[in-house]
Amino acid sequence: MTDQAQTGLPDKRQVAASFSRAADSYDSVAALQRSVGAQLLARLPADLAPRRWLDLGCGTGHFSRALGARFAAAEGVALDIAEGMLRHARPLGGARQFIAGDAECLPLRDASCDLLYSSLALQWCGDFQAVLGEARRVLRPGGVLAFSSLCVGTLQELRDSWQAVDGFVHVNRFRRFADYQRLCGASGLGLLSLEARAEVLHFPDLRSLTHELKALGAHNLNPGRPGGLTGRARILALREAYEGFRQPQGLPATYQVVYGVLRKES
């Protein structure tokens, strides 16, 4: 059984469509994504000098361009499941190739890459074991998989606030950190580092948070979510419940970010 079947993760076709629609607005609200991706770059081994790298789940291509600048002599490949993101990223450059594809079934040859970099994309994959298997397949010996993802506890304030209003699924589900530990440990790749860190954003009000999630394409995509419009009374109840979390800086939104760096040893 896949992770998706076990945890009710979103259908990847819906994920692709949602992120395609968000391509033009994504960069305007992607401060967390920028910060996490930069922290992931900083975790790359200092001696890494790839001949060919893959930006897996490249989105608008921000980190494809960063990788292209850092490894100027290397061939870069940017891959995303969302065609709309690729249309946005391609004219901006950074990689030699921009291709549509799925992290669980990469359209790449065996032992063809020295670095797989993936920031805040793999949480949408239902079968993380398959992702790790594909990484092991396409990496050359000595090659590195560096990823950031999200785990349980992400947007917990919003989840708890909705729980006080009704019983529907309003917030995307994510894997447990223990699942990342177990799957990475069994992947056949050498584990250089794996940790979870909380990143907290603050918003002046609930509308600002929900607007950002929609602009990112990361609003509620789960099975079991309510259909149709959310009634005014429920929104008011949600707003009141969320106010209970308010801090001096504003309404908090906590992201539990997983950072992993693995190496193919042979």
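Residues numbered from 1 in each chain as written. Predicted model: local features only at pLDDT ≥ 70, side-chain atom pairs only at ≥ 80, totals over all residues. Heavy atoms only, no water.

## Topic: the overall build of the protein
Helix and strand counts for the protein come out as 11 helices and seven strands. Relative to its 266 residues, the protein shows a buried fraction of 52%. By sequence separation, contacts in the protein at least 24 residues apart represent 78% of the contacts at least 6 residues apart. Entry remark: accessible area of the protein is about 11900 Å², with carbon and sulfur atoms responsible for 51%. (Helix = DSSP H or I, 4+ residues; strand = E, 2+ residues; numbered from the N terminus. Buried < 20%, exposed > 50% of the residue type's maximum accessible area, 1.4 Å probe, protein only. Contact = heavy atoms within 4.5 Å. Areas by Shrake-Rupley, 256 points an atom, 1.4 Å probe, with all protein chains shown as cover.)

## Re the pattern of salt bridges
Following the criterion strictly, the structure yields nine salt bridges and no others. Here Arg 52 ties to Glu 75 by a salt bridge, and the two come within 3.5 Å at their closest N and O atoms. Remark: Glu 75 occurs in strand 2 (residues 75-80) and Arg 52 occurs in strand 1 (residues 52-56); sequence separation between them is 23 residues. Connected through shared salt-bridge partners, Asp 110, Glu 134 and Arg 137 make up one network. (Salt bridge = Lys/Arg side-chain N within 4 Å of Asp/Glu carboxyl O.)

## Concerning the packing of aromatic side chains
Geometry of an aromatic ring pair is reported as the spacing of the ring centres plus the angle between the planes. Evaluation of the coordinates by the stated rule reveals six aromatic pairs. Ring centres of Phe 63 and Tyr 117 lie 5.9 Å apart, and the angle between their planes is 40 degrees; on these two criteria the pair is classed as tilted. Placement of Phe 63 in helix 5 (residues 62-70) and of Tyr 117 in strand 4 (residues 113-119) is noted, with a sequence separation of 54 residues between them. As far as burial versus exposure is concerned, Phe 63 and Tyr 117 are alike and both buried. Relative to Phe 245, the ring of Tyr 242 has its centre 5.9 Å away and its plane inclined at 75 degrees; by these criteria the two rings are edge-to-face. Judged by its relative accessible area of 1%, Tyr 242 is buried. By relative accessible area, Phe 245 is classed as partly exposed at 31%. (Phe/Tyr/Trp six-rings, centres within 6.5 Å; stacked < 30°, edge-to-face > 60°.)

## Looking at unusual backbone geometry
In this structure, Ala 111 is a non-glycine residue whose phi angle is positive, near 45 degrees. With respect to the helices and strands, Ala 111 occurs in the loop between strand 3 (97-100) and strand 4. For Leu 155, which is not glycine, the phi torsion reads 55 degrees and is therefore positive. By secondary structure assignment, the location of Leu 155 is in the loop between strand 5 (139-150) and helix 8 (156-163). Its relative accessible area of 5% is what places Leu 155 among the buried residues.

## With respect to the confidence of the model for the protein
Summarising the model, the protein shows a mean pLDDT of 86, and 82% of its residues fall at 70 or more. For residues 1-7, every residue scores under 50 in pLDDT, and the model assigns this stretch 16 contacts once sequence neighbours within four places are set aside. Residue range residues 219-229 is modelled with pLDDT below 50. Its contacts to residues more than four positions away, or to other chains, number 36 contacts. (pLDDT = per-residue confidence, 0-100.)

## Observations regarding the environment of Ala 198
Residue placement: Ala 198 occurs in strand 6 (residues 190-203). Judged by its relative accessible area of 49%, Ala 198 falls in the partly exposed class. Separated by 58 residues in sequence, Ala 198 and Gln 256 place their C-alpha atoms 4.6 Å apart. If near-sequence neighbours (up to four positions away) are discounted, Ala 198 is found in contact with Thr 254, Tyr 255 and Gln 256.

## Comments concerning helix 7 (residues 128-138)
Where helix 7 is concerned, the buried positions are Phe 128, Val 131, Leu 132, Glu 134, Ala 135 and Val 138. Each buried residue of helix 7 sits inside an arc of 160 degrees when the element is viewed along its axis, so together they form one side. (Arc of directions from axis to C-beta.)

## Quick word on the environment of Thr 154
The topology assignment puts Thr 154 in the loop between strand 5 and helix 8. The sequence separation of Thr 154 and Val 200 amounts to 46 residues, and the corresponding C-alpha distance is 9.6 Å. Among residues more than four places away in sequence, those in contact with Thr 154 are Arg 159, Val 171, Phe 174, Thr 254, Tyr 255 and Gln 256. Among the polar contacts made by the side chain of Thr 154, one reaches the main-chain carbonyl oxygen of Cys 151 at a distance of 2.9 Å. (Polar contact = N/O pair within 3.5 Å; in protein donor to acceptor, adjacent residues only side chain to side chain.)

## A look at the packing of helix 4 (residues 31-42) against helix 5
Viewed as axis vectors pointing N to C, helix 4 and helix 5 meet at an angle of 30 degrees, and their least axial separation amounts to 11 Å. One finds that helix 4 runs roughly parallel with respect to helix 5. For the pair helix 4 and helix 5, the sense of crossing is right-handed. Across the interface between the two elements, Gln 33, Arg 34, Gly 37, Ala 38 and Leu 41 from helix 4 touch His 62, Phe 63, Ala 66, Leu 67 and Arg 70 from helix 5. For the contact of helix 4 with helix 5, a count of residues per class yields five nonpolar, three polar and two charged. (Axes fitted to C-alpha atoms, helices over the stretch in contact; angles between N-to-C directions. Parallel < 35°, antiparallel > 145°, perpendicular 65-115°, else oblique. Left-handed = near helix turned anticlockwise from the far one by under 90°. Nonpolar A, V, L, I, M, F, W, Y, C, P; charged D, E, K, R; others polar.)

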